[in-house]
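Geometric and topological summary
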Amino acid sequence: MFGLGFQELLIMFVVALIVIGPKKLPDLARAIGRAVREFKQATEDIKQNFDITTITTPDAPPKKSTDKPSDSTTDSKQST
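Quantities reported herein were computed from a predicted structural model and do not represent experimental measurements.

Attention now moves to the overall build of the protein chain. Helix and strand counts for the protein chain stand at three helices and zero strands. Start at the N end of the protein chain and walk to the C end: the helices and strands fall as α-α-α. Across the 80 residues of the protein chain, 2% fall into the buried class. When the accessible area of the protein chain is evaluated, it comes to approximately 7,900 Å², of which 64% is carbon and sulfur surface.

This is how it looks when you write it as structure tokens:
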């Protein structure tokens, strides 16, 4: 987990316990957990939405030529 060992996590927990206090630490952990869960859900929704739109959106049809008609069609009109 992020290259952290047990000792580093224990030190971080002790520092957080001293700074925040034992009464507010569970509330803070709960709020962090909710934020992480909402972030994961939002990223999954974005990924799913992107995947669906790329799958369901058909490729653009080939562009039709907007050039003037070729000379062969104008020649046939002149000859008739």
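Past the structure itself, the notes keep going.
Quick look at the pattern of salt bridges now. Considering all chains together, one arrives at one salt bridge under this definition. Among the salt bridges present, the one from D27 reaches R30, with a minimum N-O distance of 3.0 Å. Of the two residues, D27 and R30 both sit in helix α2 (residues 25-56), three residues apart, roughly one turn of that helix.

In this structure, F13 sits in helix α1 (residues 6-20). F13 gets classed as partly exposed once you look at its relative accessible area, which sits at 46%.

It is worth spelling out the confidence of the model for the protein chain at this point. Mean pLDDT over the protein chain stands at 78; residues scoring 70 or higher make up 64%. Highest mean pLDDT in the protein chain belongs to α1 (90); lowest belongs to helix α3 (residues 71-79) (55).

Let us now look at α1. Within an α-helix, residues lying three or four positions from one another point in the same direction, as the helix has 3.6 residues per turn. Relative to the 21 Å expected for 15 residues at 1.5 Å per residue, α1 spans 21 Å between its end C-alpha atoms, a close match to the ideal helical length. G21 sits one or two positions beyond α1 and adopts a positive phi of about 105°.

Reading the values: the criteria
Residues numbered from 1 in each chain as written. Predicted model: local features only at pLDDT ≥ 70, side-chain atom pairs only at ≥ 80, totals over all residues. Heavy atoms only, no water. Helix = DSSP H or I, 4+ residues; strand = E, 2+ residues; numbered from the N terminus. Buried < 20%, exposed > 50% of the residue type's maximum accessible area, 1.4 Å probe, protein only. Areas by Shrake-Rupley, 256 points an atom, 1.4 Å probe, with all protein chains shown as cover. Salt bridge = Lys/Arg side-chain N within 4 Å of Asp/Glu carboxyl O. pLDDT = per-residue confidence, 0-100. Expected span 1.5 Å × (residues − 1).

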